[in-house]
Amino acid sequence: MVRAFIAVALSDHLVRILRDLNSGQEDIRWVPPRRLHSTLQFFEGVNRSELTKCFEEIRAERTNVEIGPKIRILGRGNVVVPVQGLTNLAKQVRSATRHLAAESELPFVGHITIGRIKGKKKADLEGTEIQASFQVRKLLLVESVLHPEGPEYSIMQTKHLF
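Model, not experiment: these values are computed from the prediction.

Q: How should the sheet that holds strand β3 (residues 38–46) be read in this particular structure?
A: The strands that make up a sheet pair up through hydrogen bonds in the backbone, lying either parallel or antiparallel. Pairing in this open sheet of 4 strands is antiparallel, and the strands run β3-β1-β9-β10 from one edge to the other. Of all strands in the sheet, those bounded by a partner on one side alone are β3 and β10 (152–160). Taken pair by pair, the neighbouring strands of this sheet meet at an average axis angle of 20°, ignoring direction. Sheet analysis places strand β1 (residues 2–8) next to β3, joined by 6 bridges and oriented antiparallel. Within β3, the position partnered with Ala-7 by the bridge is Thr-39. Set on the sheet, helix α2 (residues 48–57) makes contact with β1, β3, β9 (138–145) and β10; between it and β10 the angle comes to about 35°. Packed onto the sheet, helix α3 (residues 87–97) meets β1, β3 and β9 and runs at close to 15° relative to β3.

Okay, here's the thing in structure tokens:
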């Protein structure tokens, strides 16, 4: 059984932009650049071979997306950059993998988590304007292993979009 997610691979240019946002606010645990992504579907305790088979069967086209307009807080202290243009791709991925996903699945909200803030503190970056665009050219199937110092990600498979 595996804990994993299907995510959009970010462009190197976008990763540099997001890395440069790190304002050094000490009460935010920043996501390292190598772990930045936008999750389309999350899986908890699923069969590895079933998941890889479903991933291989996904058929989807490249799509252009926009990030922004402003950094915000999502859920319990997630400092995020909104992403527009992923909804149709997320629907395709979720449709192909729906029998493996949790029944309590949250609605899709396109975003990239750049950090997490504890408690009810305010992120200095909240409300900061940001704009960029990129073309989604591939999907990643990523295993996530939890450790006290944070998750460890390893790419299980890559799918190039047509």
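Q: Got a minute to help me understand the layout of surface pockets in this structure?
A: Unfilled space is identified by rolling a water-sized probe across the atoms. Quantified by volume, the largest pocket comes out at close to 1,100 Å³. Lining the largest pocket we find 35 residues, and of these Thr-39, Phe-42, His-111, Thr-113 and Arg-116 sit closest to its centre. The set of elements that each furnish at least two residues to the lining of the largest pocket consists of β1, β2 (28–30), β3 and β7 (111–117). Among the elements that take part in the lining of the largest pocket, β3 stands out by supplying 6 residues, more than any other. Considered as a void within the structure, the second largest pocket measures approximately 270 Å³ in volume. Arg-34, Leu-36, His-37, Leu-140 and Ile-155 are the residues nearest the centre of the second largest pocket, which is lined by 17 residues in total. Elements with a minimum of two residues in the lining of the second largest pocket: β1, α1 (12–19), β9 and β10. In the lining of the second largest pocket, the residues fall into 11 nonpolar, 2 polar and 4 charged.

Q: Could you clarify how one ought to interpret the packing of aromatic side chains in this entry?
A: Enumeration over the complete set of coordinates arrives at 1 aromatic pair. Judged by centre distance (5.1 Å) and plane angle (80°), the rings of Phe-5 and Tyr-153 are edge-to-face. Here Phe-5, found in strand β1, pairs with Tyr-153, found in strand β10; they are 148 residues apart in sequence, far enough to count as distant. With relative accessibility at 28%, the residue Tyr-153 sits in the partly exposed group. Sitting over the ring of Tyr-153, Arg-35 keeps its end group 5.9 Å from the ring centre.

The rules behind the values
- Residue numbering note: each chain is counted from 1, following its sequence as written.
- Reporting in this predicted model follows two pLDDT cut-offs: at least 70 for local features of residues, and 80 or more for side-chain atom pairs to be given and counted; totals over whole chains, interfaces and linings ignore these cut-offs and use all residues.
- Note that the side-chain values use all heavy atoms of the structure and ignore hydrogens as well as water.
- Two strands make a pair as long as DSSP finds a minimum of two bridges between them.
- Numbering of helices and strands starts at the N terminus; helices are DSSP runs of H or I of at least 4 residues and strands are runs of E of at least 2.
- Interaxial angle, 0 to 180 degrees, is taken between N-to-C directions of lines fitted to C-alpha atoms, where a helix line uses only the stretch in contact.
- Whether two residues are in contact is decided by their heavy atoms: any pair within 4.5 Å suffices.
- Within this scheme a cavity is a closed region of a 1 Å grid, computed over the protein atoms alone, that accommodates a 1.4 Å probe without allowing it to escape, whereas a pocket is open but has protein on both sides within 12 Å along at least five of seven lines; lining residues each have an atom within 4 Å of a point.
- Grid points are joined across faces, edges and corners, and a volume is the space filled by probe spheres set on the points.
- Three residue categories are used. Nonpolar comprises Ala, Val, Leu, Ile, Met, Phe, Trp, Tyr, Cys and Pro, charged comprises Asp, Glu, Lys and Arg, and polar comprises the others, including Gly.
- The aromatic pairing rule takes the rings of Phe, Tyr and Trp, using the six-membered ring of Trp, and pairs them if the centres are within 6.5 Å, calling planes under 30 degrees apart stacked, those over 60 edge-to-face and the rest tilted.
- Residue exposure (1.4 Å probe, protein chains only): buried if accessible area is under 20% of the type maximum, exposed if over 50%, otherwise partly exposed.
- Here, over-ring charges are defined by two tests on the NZ atom of lysine or the CZ atom of arginine: distance to the ring centre within 6 Å, and angle to the ring normal within 35 degrees.

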